[in-house]
Amino acid sequence: MNIDEARTKIDSIDEKIKALLMERLDYSEQIARAKIQSGNLNIFRADREEEILQRLGHDVPEAKKAGYLAVVRKIMETSRMYQYGVIFDSLGSENLFAPLAENLNIKPSDKRVRVSLTRANRPNAMSSILSMIGDYGFNMDRMELISQDDEHVIFELLIIGNLNDPQMQKLMFQLSRESQNFSIIYSY
């Protein structure tokens, strides 16, 4: 098989993957709506995701395992992001973002948001935050590791963007749900 034939096969596979991902997101939406109904807005479950990674990766050849599991992690991250968006759009900024921004003086001219958060000390703790910020369409200005022990890491992030942007509000909501001790320090 030559390179053009291989690319044609990949293009065909990509269409199948797209259809399956759209179906997966439909089920993710159903889960989000069920969580809204139950009042349990917890989406991120590290234990469940680890079980899924173990189950799906157990029979993958070692040479392909790291790459395959990276894709599976990204699919789960995308699913969580979509679910948080469904919840945010359903319950509204005033219920989900406003409590996070309490006591802040947010101006339309602000271009940076500084936040502090604690995450479990595990592989991808920092990279998953960077990925999440990029997935929402924002860039980092700075990320500082404040402290680290065997259990937790504490970060302060300076994100380029404005808290009046609905996507930034959704990002803040997701970060607050997937982190401990989350706080928006200031906006400027």
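Calculation criteria
Residues numbered from 1 in each chain as written. Predicted model: local features only at pLDDT ≥ 70, side-chain atom pairs only at ≥ 80, totals over all residues. Heavy atoms only, no water. Helix = DSSP H or I, 4+ residues; strand = E, 2+ residues; numbered from the N terminus. Buried < 20%, exposed > 50% of the residue type's maximum accessible area, 1.4 Å probe, protein only. Contact = heavy atoms within 4.5 Å. Areas by Shrake-Rupley, 256 points an atom, 1.4 Å probe, with all protein chains shown as cover. Lys, Arg positive; Asp, Glu negative; His and termini not counted. Charge placed at Lys NZ, Arg CZ, Asp CG, Glu CD. Pairing = 2+ DSSP bridges. Axes fitted to C-alpha atoms, helices over the stretch in contact; angles between N-to-C directions.

Caption draft 1: Region of the structure containing the overall build of the chain. In terms of regular secondary structure, the chain is built from 6 helices and 4 strands. When burial is assessed residue by residue, the chain has 35% of its 188 residues classed as buried. Across the chain, the fraction of contacts at a sequence separation of at least 24, relative to all contacts at a separation of at least 6, is 73%. Just so you have it, the chain exposes about 11300 Å², and 52% of that area is on carbon and sulfur atoms. Counting 24 positive and 28 negative side-chain charges, the chain places the averaged centre of each group 1 Å from the other.

Caption draft 2: Local environment of the side chain of S187. With respect to the element layout, S187 can be found in strand β4 (residues 180-187). Dropping the residues within four chain positions of it, S187 is found in contact with D110, R112, V113 and L163.

Caption draft 3: Representation of the sheet that holds strand β2 (residues 139-148). Here we have 4 strands laid out as an open sheet, ordered β2-β3-β1-β4, and antiparallel in their pairing. Of all strands in the sheet, those with a lone pairing partner are β2 and β4, marking the two edges. When the angles between neighbouring strand axes are averaged without regard to direction, this sheet yields 15°. Note: strand β1 (residues 112-120) against β4, 5 bridges, orientation antiparallel. By the bridge assignment for β4, T118 is matched with Q180.

Purely geometric numbers; function is a separate question.
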